[in-house]
Structures are given as structure tokens and as C-alpha cells.
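# Structure assessment
Chain residues, written in single-letter form:
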Amino acid sequence: MTEEWNEMSMVKASQSYGLLHDTLARGGHAFGTHAYRVLAENAAKVFGGSAAILLTYTPKTQHMVLRAGIGRGVDVGGVPEGAWLNIDLDDLRSECDRVRCQCPAEVCALRPFCMLALVDGMLSRSCMCRRIIFSYGGQPMAVLIVRDPSPEDEIDTELVESYTALMRLMLERLLDPDKPREEEDLYRNLIEATGTGYVVADLRGVILDANDEYARMTGLGSAEQVLAQNIADNTMQTDKASDVETLLSCAKDRVVRHLKVSFVKPDGGLTFAEVNASRVCIAGQDCILALCQDITERQQLENQLAQAQKLEAIGQLAAGIAHEINTPTQYVGDNVRFIDDAFRDVLNVLDGLSALLDAAEQEPRCQELAGQVREAMDAADIPFLTEEVPAAARQSQEGIERVGRIVRAMKEFSHPGSEAMSAIDINKMLQSTLTVCRNEWKYCAEMQTDFDDHLPVVPCLASELSQVFLNLIVNAAHAIEDVGGGEEQGKGTIGIRTCRCEGHVMITITDTGSGIPDDIRDRIFDPFFTTKDVGRGTGQGLAIARSIIVEKHSGVIDFTSTPGQGTTFTIKLPLCHADVEGGRESAA
Amino acid sequence: MSEHDQTRILFVDDEPKILASLRRMLRRVRGEWDAVYANSGLEALDVLSEQRCDVIVSDIRMPHMTGVELLQEVRRRYPHMVRMVLSGQASRESVLGAARPIHQYLPKPCSFEKLKSSVDRIVALSRAVADDELHAIICGLESLPSLPENHDRLIEYLQHPDVSRNTVAPLIRRDVGMGGKLIQLLSSGFFGPPQNIADPGETVQLIGLDIFRSLVIDIKIFRRCDEQTVETLDLRRQWQKAHEMARCATMVAKSFDADATLCSAACNAAYLHGIGRVLLAKRFGDRYVRLREQYGENPRELAHAEARELGVTHGQAAAYLAGLWGLSPSVIQAIRWLDIPSEAPPEEQFSPLTAAHIGCALIHGPDGHHPLDEAYLAPLGLDDRIARWQQEWTEKQNTEVSHV
């Protein structure tokens, strides 16, 4: 180490070095203009370094200028504050000169390199670097990558080559964004005009170029911000062979791949994209070109359709089951009723019999027979039967009535086969929805309903609207469960209210549940947004609710929420669709 | 139903357990009802060929002959019979065909009380219609005659896939032949529990346009009548008046702040009352025309003359039909006594009858043929309101005219 130290000349402090020092010392910060920073950051990523700096070399004056630095949150050689960084500049200079002279066959090298930190004039610690020197537009550049050296560590020269080639490509875009590139502009405009997301990445997935649409889809803001990121970082990881692997494999197999990819935005939202990936050669390097079409909306529609089909199937099934259940319900109910009636009549007879028995027991000739009958009556425990048989009949009757109510509610809820708008009694619809999903809320919440008896009928799509109510009621129950509603903390409350207000019918569904945190309020109606565990929510309930209320009924859905106290959803449905008020005749 | 004191009912169901349980239930009405049972449609027709029955209660889905087919056949052969359905069928589509021949639809499970009260109400109303022929006319009615121009236009509208219910509603509203049938379907349990109808045009919306379309096009629930019938029965004027009366009665009920059920009852009563005259005209022909010419000026006298000469008033005939259709007792009451409310069992307060009677008087104007029944209205203390209603109605008419 000491010999190496002797060979090095010390770099004097400059403003740039001060910055570098700050950056490295703090770790995790970066400086420099965006273009250079991207290169440095990318180098650190590609070569597995903990930090990287980028210098440019001006041959004429033999000046080396520090352009950018990035520390990746690692202790960079333990450099304390106020330390100097020492780089063997002479060596760098000669290397840069050498690269420059060999133009146009630009050569790069990845060599071990030593960087030292001096504290108060004393050598504090050295850290090993790797360096890459390459030339861009006649100007050599040096990238120093701070990386723990290990003897067996062999740098893949292919990797270096691909990196530098692509760096040039990026630099061109980054340093001279306004440089006219007519042909390329044409293709770019073409792509932009199709509204397609466009991304070029190297074979490891590092993004070299992208457009704003791609950045929007991934939720990363602008195209520049996407550069040097890895495609994999904001792509959904699934259990099956990851989309990214499939995407990257297209470069190896030289085939065009069509696949569906889900991008995960930094805020957790999802974008569904259909991707066509192919292998292209840019600046002599194999790259992946992916064109991404945003299909989130379509996916949403497909899901809604699937949901609707499912509901329709359930509706048909429910109608069939209802028929199956209604028939036995009819005769079981009638029979129970009959048994009850008949038993009362038999009891009347028994009453008379009792008196007869008393008399018969006095009559010696009948005594034995009377005794037997008395015995049989005692064994049958007539007083118990008098009490319990009517009670059993009554309870069975109640039970059968309840079965009937549930079947009716199920039937009403599923509304098989009505596709056109029809006038619906919202109160009744809510009531049957509550009956159908009673199992979801009865253990955790008390239900309080306040229905306006004078509520007018509302034109609506019955089965879709009842689905909205179902979703909101089930959500309310889940929100209450989330705060421990149920056994431990006592039940919560779900309140459902209907009323008429200025040409609208208003429905509010209030719960005393966990509330909606402030930071996700803007997104609860987004498709596929969910805070529920897998299997409990698909993130589609509220999105579908919104689409049904707003788009299909020209209504309004909104909410107010206090975290920890509960949420109130409000739905307003217009009473009629503008043209004809209350069925009054238009001038036909 | 005058031939025997007991009401004879035929129950038809392919599920023997249903019949057995009904038989057991009927033990409670021994002496009142006389029941016969059939396991299939064909068996039912056999039974009917051997004995006269008053009421048939049939399931819909049965093998070989469906309930719909059976009821159609029963209507053809025995028009005097009351035709009811007791079905567990849950989807409306599967029973749409029954919309034509049935009087009432009872969904399974149906309590015996419900069945009993439905039948008893009809039987009680039928006693007022002693004339067998009139009885058969009323019971045998599948639908009321629609004006040919309205019927044609409706069919034309419905050919258009995107027709709106608002286009169809005015047609329905002005034609009791259509509006009446739809009110029946919505009151008879065919479309679930009865709903309030404060405007016959609303019925399409309540049924839903797609189901309405198949009812009209496929099932043909409306009957287009010919021009001669229109003339004979004076249908154009009758239906126009019914429409106006319904509007006016609803207006009166609404401005009295009556609840939706009362408004609906008033509307239905005023709308359907005039059917009684059509029914009598159909049964008695010229005899009735002469009677009307003689007493038409004064509805009270006409009603009395009808009772005297024909043994039945048009109110009674219409009330019987309303009872067959399952309309509520207050509607039936209002239809029965609309012309002569002071002869009705006394009422304490504002009722559908009040609104329908006032509505009927108002559309004829203060000096019209339809004077207010002072004896009936006095105890209700509505004097000052009536003048206001008259004014309100006139304004409503005027705005309508200027609107059109």
C-alpha cells in the first residue's frame, strides 16, 4: 500500500473535490449534473460498486475535472469529514491520453486503482477502485468505481464494452438533447403519436432510453428520471417466471415476445401493459427494445365484464335454487301449520277426556282400563306436550318464514336478466342486500337503518346497483373488523340512510371502522388499489362502484373519513334523466 | 258462483306433497271451501269437464302441459273461472307467458291466509255480479281493448331498439287498454309485491323496458280493437277521460299531502273506474246505451238505474275486475263508490275514494255532468280546498295546452 502511495501525486483541494468529499462522506448523496450523475450511478450499479465518481479530461490543458459523484449509502472507505481524497491523477491523465490517441478505436480498461483518504495530512485509509476510461466525442472520461477488490474478481470485459458503448449513447442524449437527429426524431414522433411507452434497456435491464409515456406508466415522472434504473425495479414480481426474465430472454432467443407486464408505481398503484419486446442492436450493442401499451383501462373493463358475467351466472343459479327451495318451503310451512292446528284440536279432545277419566276411575267396572289410559297419559307427559308442541310448531314456522325471506332476498338481489334501466325501490334493494350479506356483518356490527318511507323509485340498473351496495356494506364490515370489532371490543355500527334531496336520492353508508388514512384518499377509487390482504379484496370494489354510479347512472359517489373513527360513503342518484321530469309528457 | 254456497277450488301441482299439504290446510275452512286436486294439466281439464269450479290455482312449471297452457285452455272453456297461479318460479322470464291468462300470481311460499284472503275478496265482489254472462265477460277478459292507433304506434316504437320509456309512457297513459293491463300485472303479484303507481305511464319503467318489450311483442298482452268496437264502446272518449281523471285525482291526493300508497290508490281507482261502463256496454249493448242516454247526465241516477234495470252498477263491475286483478281494498272501494260516495260505508277521513271522486268531478268542470257529492264531502270539511283544486286543475290544463 505504501509503495502505491509513494507513486501517487496528491490532488489538491478544489471546489469539486469538496463536493466529492461531501458526497462520499455522507453516503447516499449524489452531485453533478444529471447527465454525468446518471452515468456514475449506472456504473456503480452495473459493476456492483458502492460509489462512483466521473471525471472528464481536457487534453489541451491536461485538466481533469470532477463532474459527478454518487455514494450508494455505503461507508466509502470510512472517509471522515475534512479529509482529502487523493487520486493518482498522473496515471489517469496518461491513460486518458492513451485512449484519446487510439481514436477512433476507443479503448477502455477496467483496472485496479487506488484512492486514498488523507485526514489532517495523514494517510487514513485507502480504498480500492476500478476504473473505466473511455472517450466520448474526443473527450476522454474516467469513471472510478469504489468496489471492494477481491483477487478472484474478474471483470467481464464484455460487460465493460457494453457499458461504455451504451454510455456514449446516453451521453449523446443527455448532453446534447437538442442536437438535431432528424430520422430518429421521426421515429420518436411516430412512437409518441401512438401513445406507446418506449424503453431501451441493456441486457441486464438497465434503462438507457425511454419516453415520457413509459415514465408515466411506471409512475416515475419524466423520461430522464427513468434512465439508469432497472426495468425489474418497478415491475411486478410474480411467483411464476418473472415478466422481466421473459422480457430479457428475448434478447438471447432473438424472438419478439408479447407479454403482459404489471408495473408497480412507487405509490403502490398498478399499471397493466401489453409489451412487445424485441432485440435491437444499438451502437454495436445488443439491447432490448420494449414497446408498452397501457391496458389498465381495458383490463378494468374486462374485469368488470367478468364480474358481471359471474353475477349473472349467480343470478341464474339463484333463481333456480330459489325455485327448488320455494316448493318444499311451501309444503313444509303448510304442514307445520297443520300439525299445530290439529294438535290444538286434539288437546281440546284430551281436555274432555281427562274429565271422563276422572269419572271412569270412580266406576269399578272401568277402573282398570281407566288406570291404563291414565298411565299412558302420564307417560306422554301431556302438560309438557301442551306447552312444547305449539312452541315447536311456532318456531318451525318462524324458521321456514326466514328461509322464505332469504330466498326472496337472494332472488331480488340477483335480478336475473334485467339489462335495461328499470324503476327500483332503493329501500327494498338495500334491505335485500343486507339480508344476502348478513353473514358478513352480523358478528362485527349492529345494523342501523333509517330509510325514508317516501323515497321515490329510481331508474337504475338493478343488479349492478345492488352490487355497489354489497361492496360498500362488506367494506364497512371489514373496516370494523380491522379495528377489532366483534368479540373483544364490542360490535361496531353500520348505519344506512336513504333520503330524497333536490332531484336526487341520497344513500349514505356509515361505519365506525378504521377510517381511510389521509395518504390514500385520492386513490381509493383507483382500479386495483387495495389495502386488503390477498383473498379479501381485489382492489376493484370501489373502482367498479364508481364506474357504475358515475358512468352508468350519472350519479355521484363520495366519502368522508376520519382515521380511527370511521367512514361515510355517500351516493347520489338522479331521479330522472333530465329530458322528461317525472314522466310528464314531452311535446311529442 | 251463485250456484253453490261453497267456493269450489281446483288446485293443480305436479308435486303431490304440495297438494297434500294444501289438503291438510283446507281442513280449517271446511264448509267454506270445497277443494279438488289435480296432479297435472290434463288431469285438471278432466276434473273440470266433470264438475263446475269457481277458482283454479295452478303451478306454472309442470310436465306435458304447463300452467300457462292450462290456464289459457281453462279461460277458453270456462271463462267464468278465477285463474290464479301459485308458483315457486323465481325468474320472471320463465313465467312471462302467464301474463295473459292469469288474474293473480301468488309466489311460493305463500301463507294460507294470503291465499284465502285473495280468493275470499274476489268471491265477495263476484256476488255483486249475479249476471252469469257479465260474470264470464269480466273473468274471461285477458286484456282490455286498446285504441288501434295507439297499439300500432307502440309496436312501431318498440321495433326501435333504442326507444326510451319516456317515448312509450304517454301512449300507455292515454290508453286504459294498455295502462290497465300493466297496472294489473304490477298489482297481481306477477312482478313481486305490488308497487305504488301514481301515473300509469310509470308502469313501463317499473317493469323495465326489455321485459315490457317481450310482453308486448312476444306475449302480446295488449289487444288492438277494431274501429267498430271503438265506436260502440265510445272508447276514445272513455280512455281520454280516464287519463284525465287519474291525473286530477293524483293531483288532489298529492296536494292533500297523502302518502304514496294513497296517491297511487286514487290514481288507479280514477283510471280504472270507467272500465265498468265498457263492460256493461259489452254485455248489455243497446240496452245500456239507451240507459246512458237517459241518465248519462247524472252519474248517481245512472248508477241507480243500472242497479234497477240491469241488477249491477258499472262501479260494481269495475270493482269486481279490480278485485280479480289483485288491486288493494281501498282501490276497489274507491272504484265501487266513485259516483255515489255518500252511499259507501262511511269513512272518517280523506281516502282514495275522496281523491278519485273529487278528481272525477273536477275534470268535468264546476257545472259539469259530474257534480260533487255534497253529502259525502261535507263531513270531511274540504269545501275551501275544492275551489283551490279546481283552480289548480284549470291551470294545469292550460299549461299543458300551451306546452303542447
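Keep in mind it's a predicted model, so treat the numbers as computed, not measured.

The rules behind each value
- Residues numbered from 1 in each chain as written.
- Chains lettered and ligands numbered in written order.
- Predicted model: local features only at pLDDT ≥ 70, side-chain atom pairs only at ≥ 80, totals over all residues.
- Heavy atoms only, no water.
- Helix = DSSP H or I, 4+ residues; strand = E, 2+ residues; numbered from the N terminus.
- Buried < 20%, exposed > 50% of the residue type's maximum accessible area, 1.4 Å probe, protein only.
- Contact = heavy atoms within 4.5 Å.
- Areas by Shrake-Rupley, 256 points an atom, 1.4 Å probe, with all protein chains shown as cover.
- Patch = residues over 30% accessible without salt bridge, like charges linked within 9 Å, V, L, I, M, F, W, Y side chains within 5 Å.
- Salt bridge = Lys/Arg side-chain N within 4 Å of Asp/Glu carboxyl O.
- Lys, Arg positive; Asp, Glu negative; His and termini not counted.
- Charge placed at Lys NZ, Arg CZ, Asp CG, Glu CD.
- Pairing = 2+ DSSP bridges.
- Axes fitted to C-alpha atoms, helices over the stretch in contact; angles between N-to-C directions.
- Parallel < 35°, antiparallel > 145°, perpendicular 65-115°, else oblique.
- Left-handed = near helix turned anticlockwise from the far one by under 90°.
- Core = buried A, V, L, I, M, F, W, Y, C linked by side-chain atoms within 4.5 Å.
- Phe/Tyr/Trp six-rings, centres within 6.5 Å; stacked < 30°, edge-to-face > 60°.
- Lys NZ or Arg CZ within 6 Å of the ring centre and 35° of its normal.
- pLDDT = per-residue confidence, 0-100.

## What to know about the overall build of chain A
- If you tally the helices and strands in chain A, you get 16 helices and 19 strands.
- Taken over 588 residues, chain A has a buried fraction of 47%.
- Looking at chain A alone, contacts between residues at least 24 apart form 64% of all its contacts between residues at least 6 apart.
- Carbon and sulfur atoms make up 51% of the accessible area of chain A, which totals about 29500 Å².

## Concerning a positive patch on the surface
- A cluster of basic residues, Arg402, Arg405, Arg408, Arg438 and Lys491 of chain A, forms a positive patch on the protein surface.
- Per-element tally for the positive patch: the top contributor is helix H12 (residues 382-414) of chain A, with three residues.

## Structural notes on unusual backbone geometry
- The step from Lys108 of chain B to Pro109 of chain B runs through a cis peptide bond, and the omega angle for that step is -5 degrees.
- As for its position among the elements, Pro109 of chain B is in the loop between strand E5 (104-107) and helix H5 (112-126).
- At Asp381 of chain A, a position not held by glycine, the phi torsion is positive, near 55 degrees.
- Relative to the assigned elements, Asp381 of chain A resides in the loop between helix H11 (367-380) and H12.
- Positive phi is not limited to glycine here, since His64 of chain B has a value of about 70 degrees.
- Examined against the element boundaries, His64 of chain B turns out to sit in the loop between strand E3 (55-58) and helix H3 (67-77).
- Given a relative accessible area of 79%, His64 of chain B falls into the exposed group.

## Regarding the sheet that holds strand E10 (residues 257-264) of chain A
All names here are of chain A.
- One open sheet holds the five strands; their spatial order is E9-E8-E12-E11-E10, and the pairing between them is antiparallel. The open sheet has two free edges, formed respectively by strand E9 (207-210) and E10, since each of these has just one partner strand. On average, adjacent strands in this sheet sit at an angle of 30 degrees to one another, irrespective of strand direction.
- The strands touched by helix H10 (residues 296-362) are E10, strand E11 (270-282) and strand E12 (285-294); relative to E11, the strand with the most contacts, the crossing angle is about 135 degrees.

## Points about the packing of helix H7 (residues 148-159) of chain B against helix H11 (residues 209-219) of chain B
Residue and element names in this part refer to chain B.
- Running from N to C, H7 and H11 cross one another at 125 degrees; their axes reach a closest spacing of 11 Å. One element, H7, and the other, H11, form an angle in the oblique class. Our pair here, H7 against H11, has a crossing hand that is left-handed. Where H7 abuts H11, its residues Leu154, Ile155, Leu158 and Gln159 lie against Phe212, Arg213, Val216 and Ile217.

## Concerning the nonpolar core
- Ranked by internal contacts, the top residues of the largest apolar core, which has 154 residues, are Leu10, Phe11, Leu115, Phe190, Phe212 and Leu215 of chain B.
- Of all the elements, helix H13 (residues 235-255) of chain B adds the most residues to this core, at ten residues.
- Not counting residues within four places of it along the chain, the set of residues in contact with Leu215 of chain B comprises Leu96, Ala99, Leu185, Phe191, Ile207, Lys220 and Ile221 of chain B.
- Ala476, Ile516, Phe525 and Ile544 of chain A belong to the second largest nonpolar core, which has 44 residues in total.

## Structural notes on H3 of chain B
- Gly67, Val68, Leu70, Leu71, Glu73 and Val74 of chain B are the residues of H3 of chain B that are buried.
- Considering only its buried residues, H3 of chain B is in contact with strand E1 (7-12), helix H2 (41-50), E3 and strand E4 (82-87) of chain B.

## What about the packing of aromatic side chains?
- Inspection of every chain in the model, using the stated rule, returns twelve aromatic pairs over all chains.
- Centroid distance Phe525 of chain A to Phe559 of chain A: 6.0 Å. Interplanar angle 65 degrees. Geometry classified as edge-to-face. Taken together, the positions of Phe525 of chain A in the loop between strand E17 (504-511) and helix H16 (541-553) and Phe559 of chain A in strand E18 (residues 556-562) put the pair 34 residues apart, joining distant regions of the chain. Phe559 of chain A matches Phe525 of chain A in its accessibility class, with the two residues each being buried.
- Note on Phe525 of chain A and Phe569 of chain A: the rings are 6.4 Å apart at their centroids and 80 degrees apart in plane angle, and the pair reads as edge-to-face. Taken as a pair, Phe525 of chain A in the loop between E17 and H16 and Phe569 of chain A in strand E19 (residues 566-574) lie far apart in primary sequence, 44 residues in all. Across this residue pair, the class does not change: Phe525 of chain A and Phe569 of chain A are buried.
- One aromatic cluster is present, built from ring pairs that chain together Phe525, Phe559 and Phe569 of chain A.
- Sitting over the face of the ring of Trp337 of chain B, Arg336 of chain B holds its NZ or CZ atom 3.8 Å from the ring centroid.

## Things to note about the packing of H13 of chain B against helix H20 (residues 352-363) of chain B
All names here are of chain B.
- Orientation of H13 relative to H20, taken along the N-to-C sense of each, is 125 degrees, at an axis distance of 8 Å. Between H13 and H20, the angle is such that the two are oblique. In this structure, H13 crosses over H20, and the sense of that crossing is right-handed. Across the interface between the two elements, Lys241, Glu244, Met245, Cys248, Ala249, Val252 and Ala253 from H13 touch Ala355, Ala356, Ile358, Gly359, Cys360, Leu362 and Ile363 from H20.

## Brief notes about the pattern of salt bridges
Residues and elements named next belong to chain B.
- Taken as a whole and assessed by the stated rule, the structure comprises 34 salt bridges over all chains.
- In this structure, Glu142 and Arg75 form a salt bridge, with 3.7 Å as the shortest nitrogen-oxygen distance. Taken as a pair, Glu142 in the loop between helix H6 (132-140) and strand E6 (145-146) and Arg75 in helix H3 lie far apart in primary sequence, 67 residues in all.
- For Arg75, a relative accessible area of 25% corresponds to the partly exposed category.

## Examining the sheet that holds E5 of chain B
All names here are of chain B.
- Taken together, the five strands give an open sheet; going across it, the order is E2-E1-E3-E4-E5, and neighbouring strands pair in parallel fashion. Of all the strands in the sheet, just strand E2 (33-38) and E5 have a single pairing partner and so form its edges. Neighbouring strand axes in the sheet, compared pairwise and without regard to direction, differ in orientation by 20 degrees on average.

## With respect to the confidence of the model for chain A
Residues and elements named next belong to chain A.
- When pLDDT is averaged across chain A, the result is 75; 70% of the residues are at 70 or more.
- When pLDDT is averaged over each helix and strand of chain A, the minimum, 32, is found for helix H1 (residues 2-7) and the maximum, 93, for E17.
- Across residues 578-588 the pLDDT falls below 50, and counting only partners more than four positions away or on other chains, this stretch makes 17 contacts in the model.

## With respect to the environment of Pro16 of chain B
- Summarising the element assignment, Pro16 of chain B is placed in helix H1 (residues 16-25).
- Taking C-alpha positions, Pro16 of chain B is 9.0 Å from Ala38 of chain B, a pair spaced 22 residues apart along the chain.

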